[in-house]
Amino acid sequence: MSTKRLYIKTFGCQMNVHDSERIGGLLRDEGYRLTEKPDEADMIIVNTCNIREKSEQKAYSDLGRFAMLKRDKPDLILGMAGCVAQKDGEKVLKRYKGLDLVFGSSNIENVPQMLQTITLNAQPVVMVLEPPGPPKTTPADRKDRVRAWVSIMEGCDRHCAFCVVPMTRGRERSRLSAEIVQEVSHLAEAGYKEITLLGQTVNSYGKSLEEGVDFADLLRMLNAVDGIERIRFMSPHPSDMNPKLIETMAELPKICEFLHLPLQSGSDAVLKRMGRGYTLNEYRPIVERLRRLVPDMAFSTDIIIGFPGETEDDFKKTLDAVAEFEYDNVYYFHYSQRPNTPAAQWEDQIPDEVKDARFARLSALEKALAREKNRRLIDTVQEVLVEGRSKRDRAKLTGRTRSNKLVHFEGDDREIGCLINVRITFASSTYLEGMRIEG
Ligand code: SF4
């Protein structure tokens, strides 16, 4: 089989990054190898995200740019994947005449068949239907050799008023536990030390299956895989952080002391309008209980700024909650009106200048908290999984602690992929520096 070149442009979250790895893995079996250069590619896939308007616009503009390459290279196969493809389906073909392939994230497993259809019929293919049953296991072309992302479920059965995911990724569908364990065992054999389990509401894993395995059970199965040293997951939904899961996290040694637990707002009134399904008083005990059982537990969260109707008082409650929970990291975003979501139709939209001012206040608080949390680690010894050379300073290695903090320190290339003890000597709000402990 002759080698052809594949270029994938990925927008959006880690789920999309891993979806691109899966597209790459399936097409590798069809003779394609990844390239960083679109103009030397035989096939280009734009893997899209429509969580925010800007990202969707950028994806369409890139697609237009890549469509021009077909003028000089008529055999180039051009495709759009992901959430925008799922949402717009056939409409994308009308907009870009030279497009060959449009498919949603639920249809990634069908990529080889779609490719065959294009080759045989010289007709474009659109596939945006949700297939029945659990998602199939697909190969993945992973760049990272130390840490691996593993998708354990697709879709979401919740309906937050701001979110497009239920429309673009469909209903919740969990993979069979035996297939996940098998994939992770293969990753361990290939030398991977850390896995991150992915799902839109990762801790509701298993609800769509008949096998009676829930997320805590799955963690226990994966904890038993030899060679895997660290297990992370994202993103859990607070409503599915049940006592069994919290105790399992505290008990299993490979589960990292880190939890990304989206809060979205510190105001119960806003949470209710968002349709999040929890109040602050229901969220608080999750953090408290985990901190009691796992004192070193680090937390990060997502906050939406300027959700329709958010008052100054609502926003102050968010600032209070962020300060109370002492997050190690906060990912905060302006609310973005997304088509066909309930909140996009509401009249009490917040002006951009108000969102900007609130953004600046949250940013200042977040940085101060992160700096203080990191500063407390000075003089402690942290186990670091070494990922590679630091991008800031090539003389240094870089890796993460179990609590997901980035650490730079001097070391040898032979230590890449190893767990190294590092004494922390410096802390900023975004990274730590340290010295390797000998022995
Ligand atoms: S739980 Fe997450 S993925 Fe599901 S609708 Fe809400 S924000 Fe979207």
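Residues numbered from 1 in each chain as written. Predicted model: local features only at pLDDT ≥ 70, side-chain atom pairs only at ≥ 80, totals over all residues. Heavy atoms only, no water.

1. Some points on the pattern of salt bridges
Should the charged atoms of two oppositely charged side chains come close, the side chains can pair. What the rule picks out here adds up to 45 salt bridges. In this structure, Arg-147 engages Asp-144 in a salt bridge whose closest nitrogen and oxygen atoms are separated by 3.6 Å. Arg-147 gets classed as partly exposed once you look at its relative accessible area, which sits at 21%. Given the relative accessible area of 24%, Asp-144 is considered partly exposed. Close ionic contact of Lys-396 with Glu-433 constitutes a salt bridge, the shortest N to O distance being 3.9 Å. With Lys-396 in strand β16 (residues 396–400) and Glu-433 in strand β19 (residues 432–436), this residue pair connects regions lying 37 residues apart in the sequence. The exposure class of Lys-396 is buried, given its relative accessible area of 17%. Relative accessible area serves as the criterion here: at 22%, Glu-433 is assigned to the partly exposed category. (Salt bridge = Lys/Arg side-chain N within 4 Å of Asp/Glu carboxyl O. Buried < 20%, exposed > 50% of the residue type's maximum accessible area, 1.4 Å probe, protein only. Helix = DSSP H or I, 4+ residues; strand = E, 2+ residues; numbered from the N terminus.)

2. Here's the deal with the site of the ligand
Neighbouring residues of the ligand: Cys-156, Arg-158, Cys-160, Phe-162, Cys-163, Val-165, Pro-166, Gln-200, Thr-201, His-237 and Arg-276. By residue class, the composition of the shell around the ligand is six nonpolar, three polar and two charged. (Near = heavy atom within 4 Å. Nonpolar A, V, L, I, M, F, W, Y, C, P; charged D, E, K, R; others polar.)

3. Brief notes about the packing of aromatic side chains
All chains considered together, the criterion is met by eleven aromatic pairs. With 4.9 Å between their ring centres and 80° between their planes, Phe-215 and Phe-233 make a pair best called edge-to-face. Pair noted here: Phe-215 is in helix α8 (residues 215–223) and Phe-233 is in strand β11 (residues 230–234), with a separation of 18 residues, a long-range link. We classify Phe-215 as buried; its relative accessible area is 1%. Ring centres 5.2 Å apart and planes at 50° place the aromatic pair Tyr-283 and Phe-325 in the tilted group. With Tyr-283 in helix α11 (residues 280–293) and Phe-325 in helix α12 (residues 312–325), this pair connects stretches of sequence that are 42 residues apart. Note on Phe-325: relative accessible area 2%, which makes it buried. What links up through ring pairs into an aromatic cluster is the set Phe-162, Phe-307, Tyr-335 and Trp-346. The aromatic ring of Tyr-60 is capped on one face by Arg-95, whose charged end is 3.8 Å from the ring centroid. (Phe/Tyr/Trp six-rings, centres within 6.5 Å; stacked < 30°, edge-to-face > 60°. Lys NZ or Arg CZ within 6 Å of the ring centre and 35° of its normal.)

4. What to know about the domain arrangement of the protein
Looking at the protein, the domain boundaries give domain 1 (4–127), domain 2 (147–375) and domain 3 (381–436). Using C-alpha coordinates to define each centre, domain 1 is positioned 36 Å away from domain 3. (Domains from an automatic or database assignment.)

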